[in-house]
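What follows is the residue order along each chain.
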Amino acid sequence: KRLFIADSTNNRIVITDLEGKKLAIAGTGKEGLKDGKFSEAEFSDPQGMTLNGEILYVADRKNHAIRALDLKEQTVQLVAGTGEQSRFGRQGNATPALKIGLNSPWDLLLHNKKIYVAMAGHHQIWLFDPANKTIANYAGSGREDIFDGPLRGIGFGPNVSAFAQPSGLATDGK
């Protein structure tokens, strides 16, 4: 019975009850990349979020990162990305999530204990595995376009899927 608000312009996450009563605020309001207690943490244009138990994952867009908010401990931790923007999409196998740059993650979706990431800057959908702490391309060639096709692959044209800055994710549960 909580509402999570990405207060993007103010670089923070606001948590309220369903009547609008403030429960907590994560982030100082100052733009930056800083982990720690809610009152000390810094974000840069946070966007989409997904909840897994008492952990709220946040697409920290301009930090090119995914952050985990522990709602019980009221702490923020970097879980994917380096804080540096990567200019190149991914094709290969899963990589340690803290050893690879991301590019403008916009939305997150939890499904079957994995988190799908709308990686707008790479024009791809990535898959983050919090248990294994790895991340990989799930779909898209990295080319900015709109093509149906195999989930991933190298090349261009109608034989490889392509996206144009994906910024939202949803599922029907299947």
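Further up the page is the structure itself.
One structure accompanies this document, and this report is about it. Small disclaimer: the values here were computed from a predicted structure and weren't measured.

### Description of the environment of Gln74
In step 1: With respect to the helices, strands and loops of the structure, Gln74 is situated in the loop between strand S7 (65-70) and strand S8 (75-80).
In step 2: Separated by 76 residues in the primary sequence, Gln74 and Pro150 have C-alpha atoms spaced 41 Å apart.
In step 3: Leave out the neighbours within four places in its chain, and Gln74 touches Ala24, Gly36, Lys37 and Phe38.

### Looking at the pattern of salt bridges
Any two side chains of opposite charge can pair, on the condition that their charged atoms come close.
In step 1: Counted under the stated rule, the structure contains seven salt bridges.
In step 2: Lys114 is the salt-bridge partner of Asp129, the closest N and O atoms lying 3.7 Å from each other. Remark: Lys114 occurs in strand S11 (residues 114-119) and Asp129 occurs in strand S12 (residues 124-129); sequence separation between them is 15 residues.
In step 3: Of the residues examined, Asp129 reaches a relative accessible area of 8% and is grouped as buried.
In step 4: Several salt bridges share partner residues, and in doing so they unite Asp35, Asp60 and Arg67 into one network.

### Topic: the nonpolar core
In step 1: Core analysis: the biggest nonpolar cluster contains 16 residues, and Tyr57, Ile66, Leu102, Val117, Phe128 and Ile135 have the highest contact counts within it.
In step 2: Elements supplying a minimum of two residues to this core: strand S6 (55-60), S7, S8, S11 and S12.
In step 3: With three residues, the top contributor of residues to this core is S11.
In step 4: In this structure Ile135 touches Ile66, Ala80, Asn93, Ala94, Thr95, Ala97, Ile100, Leu102, Trp126, Leu127 and Phe128, once residues within four positions along its chain are discounted.
In step 5: Of all hydrophobic cores here, the second largest spans 13 residues; its members include Ala24, Phe43, Leu56 and Val76.

### Comments concerning the side chain of Ser8
In step 1: Residue position: Ser8 is located in the loop between strand S1 (2-7) and strand S2 (12-17).
In step 2: A distance of 2.5 Å separates a polar side-chain atom of Ser8 from the backbone oxygen of Pro46.
In step 3: Beyond its immediate chain neighbours, meaning those up to four positions away, Ser8 contacts Asp45, Pro46 and Gln47.

### Some remarks on the sheet that holds strand S9 (residues 95-96)
In step 1: The antiparallel open sheet is built from five strands, whose spatial order is S9-S13-S12-S11-S10. The open sheet has two free edges, formed respectively by S9 and strand S10 (105-111), since each of these has just one partner strand.
In step 2: As paired strands, S12 and strand S13 (residues 134-139) are joined by five bridges and run antiparallel to one another. Note that in S13 the partner of Trp126 across the bridge is Asn137.

### Points about the sheet that holds strand S3 (residues 22-26)
In step 1: Read across the sheet, three strands follow the order S1-S2-S3 without closing on themselves; strand pairing throughout is antiparallel. The open sheet has two edge strands with one neighbour each: S1 and S3. Going from strand to strand, the sheet's axes swing by 20° on average, the running direction of each strand aside.
In step 2: Pairing analysis gives four bridges linking S2 to S3, with the strands arranged antiparallel.

Rules and cut-offs
Residues numbered from 1 in each chain as written. Predicted model: local features only at pLDDT ≥ 70, side-chain atom pairs only at ≥ 80, totals over all residues. Heavy atoms only, no water. Helix = DSSP H or I, 4+ residues; strand = E, 2+ residues; numbered from the N terminus. Contact = heavy atoms within 4.5 Å. Salt bridge = Lys/Arg side-chain N within 4 Å of Asp/Glu carboxyl O. Buried < 20%, exposed > 50% of the residue type's maximum accessible area, 1.4 Å probe, protein only. Core = buried A, V, L, I, M, F, W, Y, C linked by side-chain atoms within 4.5 Å. Polar contact = N/O pair within 3.5 Å; in protein donor to acceptor, adjacent residues only side chain to side chain. Pairing = 2+ DSSP bridges. Axes fitted to C-alpha atoms, helices over the stretch in contact; angles between N-to-C directions.

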